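Architecture and fold: a report
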Amino acid sequence: MKKCLMLFLFAFLMVQSIGVVKAYDGKKAAAYAKKYWKKSNTNYHTYNNDCTNFVSQCLVAGGLKPTAMPQAAKNAAGIRAQSVYTTKKHWAYFVKHWSSVNGYGQKIGGYSIISTNTWCNVSAFYNYMTTYRNVKSKTFNGKSKNGLTSLIKNSQVGDVLQFTKKVNGKPTKYHSVIVISKSKNDIEIAYHSNNVKTSLRQRIKKLTKYKTVYLLKFNKAK
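All of the points below concern the structure found in this document. Source: prediction; values computed, not measured. (Residues numbered from 1 in each chain as written. Predicted model: local features only at pLDDT ≥ 70, side-chain atom pairs only at ≥ 80, totals over all residues. Heavy atoms only, no water.)

Examining unusual backbone geometry
Trans peptide bonds make up the majority, and among non-glycine residues the majority have a negative phi. Not every positive phi belongs to a glycine, and serine 193 is a case in point at roughly 90°. With respect to the element layout, serine 193 can be found in the loop between strand S7 (187-191) and strand S8 (196-199). Backbone geometry at asparagine 195 places phi at a positive 55°, although glycine is not the residue there. Secondary-structure assignment places asparagine 195 in the loop between S7 and S8. (Helix = DSSP H or I, 4+ residues; strand = E, 2+ residues; numbered from the N terminus.)

Printed below as a string of structure tokens:
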């Protein structure tokens, strides 16, 4: 009886350990951001508008698992140096190595970098994360005193902020940043494109027209 009980307990613990999903760790994501905010990680492609690509890298470093790259994206890439695959249900970055023989019978090769639009585009990233990864979103008026205070209070290390601007008269998400530290009255953020590490209050001062800020909470992301 005792032996059967021990076997049952062992089997139960094995099932539990297999079923555990590794939680997102905002501190690890922030540590990555602190390391690479100024100088990009050469294992990743750097885009002209690199903010969301950088945030995606931070999230992976924090334990958020990317999806598999769709086979259609790999097939479509060919030998192009870099391509972006449009999708709603995937979030991935992939390096495809290829080889061929040229007209002179010489073997040539290289690699293609493929990312999904959800990996590197601000709005596509938001839509994917809030639809498929259990990421909760809140909006704040960053230009009002109360709104900014509330935004800081609700932010945690590893959260993502997205700023907006007007495009054709409509507020549009255009910039992603990650929270890397927090004090009582402010948070520190890091982002790419301009490769900056600064306080949120300093960043908000530069937003003369665009007040809406989206806060994305990853503490329950899956």
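Brief notes about the packing of helix H2 (residues 26-36) against helix H3 (residues 51-61)
Remark: H2 packs on H3, axes separated minimally by 7 Å, with the N-to-C direction vectors making an angle of 135°. Judged on the interaxial angle alone, H3 and H2 are oblique. Crossing handedness for the pair H2 and H3: right-handed. Of H3, the residues touching H2 (which contributes Lys28, Ala29, Tyr32, Ala33 and Tyr36) are Phe54, Gln57, Cys58 and Ala61. Its residues placed into classes, the contact of H2 with H3 shows 7 nonpolar, 1 polar and 1 charged. (Axes fitted to C-alpha atoms, helices over the stretch in contact; angles between N-to-C directions. Parallel < 35°, antiparallel > 145°, perpendicular 65-115°, else oblique. Left-handed = near helix turned anticlockwise from the far one by under 90°. Contact = heavy atoms within 4.5 Å. Nonpolar A, V, L, I, M, F, W, Y, C, P; charged D, E, K, R; others polar.)

A word on the nonpolar core
The biggest cluster of nonpolar side chains holds 31 residues, and the ones touching the most others in it are Leu59, Phe125, Met129, Ile178 and Phe218. For this core, the elements supplying multiple residues, two or more each, are H2, H3, helix H5 (117-120), helix H6 (122-132), strand S6 (170-182) and strand S9 (212-217). Examining the composition of this core, we find that 5 residues originate from one element, H2, more than from any other. Ignoring anything within four residues of it in the chain, the contact list for phenylalanine 218 reads Tyr24, Leu59, Leu64, Phe125, Met129, Val135, Gly158, Asp159 and Val160. (Core = buried A, V, L, I, M, F, W, Y, C linked by side-chain atoms within 4.5 Å. Buried < 20%, exposed > 50% of the residue type's maximum accessible area, 1.4 Å probe, protein only.)

Observations concerning the side chain of asparagine 41
Along the polypeptide, asparagine 41 turns up in the loop between H2 and H3. Reaching out from asparagine 41, the side chain makes a polar contact with the backbone nitrogen of asparagine 43 at a distance of 3.0 Å. (Polar contact = N/O pair within 3.5 Å; in protein donor to acceptor, adjacent residues only side chain to side chain.)

A short note on the packing of aromatic side chains
Applying the stated criterion to the full structure yields 10 aromatic pairs. Aromatic side chains tyrosine 128 and tyrosine 132 sit 5.7 Å apart centroid to centroid with 35° between the ring planes, which places their arrangement in the tilted category. You can see tyrosine 128 and its partner tyrosine 132 sitting in helix H6, 4 residues apart, about one turn around the helix. Through a chain of ring-to-ring contacts, the aromatic side chains of Tyr44, Trp91, Tyr93 and Trp119 assemble into a single cluster. Just above the ring of tyrosine 126 sits the side chain of lysine 173; from NZ or CZ to the centre is 4.2 Å. Cation over ring: arginine 203 sits above phenylalanine 163, and NZ or CZ is 5.3 Å from the ring centre. (Phe/Tyr/Trp six-rings, centres within 6.5 Å; stacked < 30°, edge-to-face > 60°. Lys NZ or Arg CZ within 6 Å of the ring centre and 35° of its normal.)

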